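Summary of the model geometry
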Amino acid sequence: MKVVVIAGGQGTRIASVNSEIPKAMIPINGKPILEYEIEMALRYGYMDFIFIIGYMGEQIEAYFGDGRKWGVNIEYFKEDKPLGTAGALGNLKDQLTEDFFVFYGDTVMDFDMNAMQEYHKKKKADATLFVHPNDHPYDSDIVDLDDHGRVCRFYNKPHISDFVSRNIVNAAVFIFSPAILSCIEIGVKSHIEKNVLPMCLEKGMRLYGYLSFEYIKDMGTPDRYYSVCQDMISGKVTRMNRCNPRPAVFLDRDGVLSKEVNLLCKPEQLELIEGVPEAVRYINQKGYLAIVVTNQPVIARNLCSIDELNYIHAKLETLLGHEHAYLNAIYYCPHHPDNGYLEERKEYKIKCMCRKPSPGMLLQAASDWNIDIGTSYMIGDRVSDVQAGESAGCKQSVQVETNRPYALLDVLKSLI
Ligand SMILES: [Zn+2]
């Protein structure tokens, strides 16, 4: 499989850091960003690269040559005039006859490329987009996925003011099949996110989102440059690779994140407890995954549909997103063991393995995201939360007072 790197960007916003070199050559610890990309790909056995170069591209060519020094093969495609992120790809139809990765040259990342490739294959996708939650979803391109991970819609920025969505953002790393190239008009300026992918979707092609919490950040602004450098030096970039087990904080929802309302089933009932955005941000910054595990018998009681519950969770993520905080995943148990309610949905009236105090949701999350339970925490407002955390094997499980402002932040600061 080939790796195409789009390295023609002019990088106006980063100019204050270094205006004399193309974005892809911006050094971190004395090494260009692009070189880290090559090294990562090589680690997963990808050796064939095509660099699309433009603005000051001769510097890239002079540095990397044919790639022999790194044990890889590099071909170049030189853009005479900038054709956007997609325009040049259209010219590569002859070279791209099987599925290929697409990177941008100014992205700092470390992810398990093989896991993404396996997902792409399993889904028989025409395109797979790496997606993740971030701390500024309100000004990011949002990808709407169905329960199977298939893309249903793109919501590109800017968003309307009362926009509500899950925090699932396009990270700008892709696997494309050659079929995608048919959506690119040769010689016409176009962009992958703005033009090509929406057109592929319209044509009914199979686009999938690959959700992962590995480190992927672009160097868009000087501020981001400095934070990325720090993450590289501190080892955070590598540590986030899914090959390395990561710790999590498991969180109950009602009474811990959002105000406890008896059987919350409408989005307008959802309100964050004071101090919760700060608490979730604290988890994010400490490098722990923030995973919600919540019993939602409202489904079994038929007080709310799965779609409505998803919308409530979208609102939860939107409110947190406005405050630069994000959840990595939300697990809910829709079941309830007791029969006898009038409107109940029989199919959910079962004794399951996920309803807390059973540890099912925590164990499922651990297997989905390679979580090291032994270094993870469970925080809830009921005894059943603590029991679930203990049965799962968490390092510690803590009960906090229902709806108390800053309770979550206080306990987190004593734990991590
Ligand atoms: Zn359940």
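Our subject is the structure listed above.
A brief structural summary. Everything quoted here is computed from the prediction, not taken from an experiment. (Residues numbered from 1 in each chain as written. Predicted model: local features only at pLDDT ≥ 70, side-chain atom pairs only at ≥ 80, totals over all residues. Heavy atoms only, no water.)

It is worth spelling out the overall build of the protein chain at this point. Scanning the protein chain from terminus to terminus reveals twelve helices and 18 strands. Its C-alpha atoms give the protein chain a radius of gyration of 23 Å, near enough to 22 Å, the size a compact globule of 416 residues would have. Here the protein chain holds 416 residues, and the buried ones make up 56% of them. Sequence-distant contacts, at least 24 apart, represent 73% of the contacts inside the protein chain between residues at least 6 apart. Element-wise, carbon and sulfur atoms account for 48% of the exposed surface of the protein chain, whose accessible area totals about 18200 Å². One finds the centroid of the 45 positive side-chain charges in the protein chain at a distance of 2 Å from the centroid of its 55 negative side-chain charges. (Helix = DSSP H or I, 4+ residues; strand = E, 2+ residues; numbered from the N terminus. Rg over C-alpha atoms; globule rule 2.2 N^0.38 Å. Buried < 20%, exposed > 50% of the residue type's maximum accessible area, 1.4 Å probe, protein only. Contact = heavy atoms within 4.5 Å. Areas by Shrake-Rupley, 256 points an atom, 1.4 Å probe, with all protein chains shown as cover. Lys, Arg positive; Asp, Glu negative; His and termini not counted. Charge placed at Lys NZ, Arg CZ, Asp CG, Glu CD.)

Turning next to the pairing of strand S10 (residues 151-155). Across four bridges, the pairing between strand S9 (residues 142-145) and S10 is antiparallel. When the sheet's bridge partners are listed, Val143 is paired in S10 with Phe154. Linkage of S9 to S10, two consecutive antiparallel strands, is achieved through a turn of five residues, within which Gly149 is found at a positive phi near 90°. (Pairing = 2+ DSSP bridges.)

Right, let's talk about the pattern of salt bridges for a bit. Counting across every chain of the model gives 17 salt bridges. Lys346 is paired through a salt bridge with Glu344; the nearest N and O atoms lie 3.3 Å apart. The class for Lys346 is exposed, based on a relative accessible area of 60%. Here Arg404 makes a salt bridge to Glu401, at a shortest N to O gap of 3.7 Å. A network of salt bridges, in which partner residues are shared, links Asp252, Lys356 and Asp385. (Salt bridge = Lys/Arg side-chain N within 4 Å of Asp/Glu carboxyl O.)

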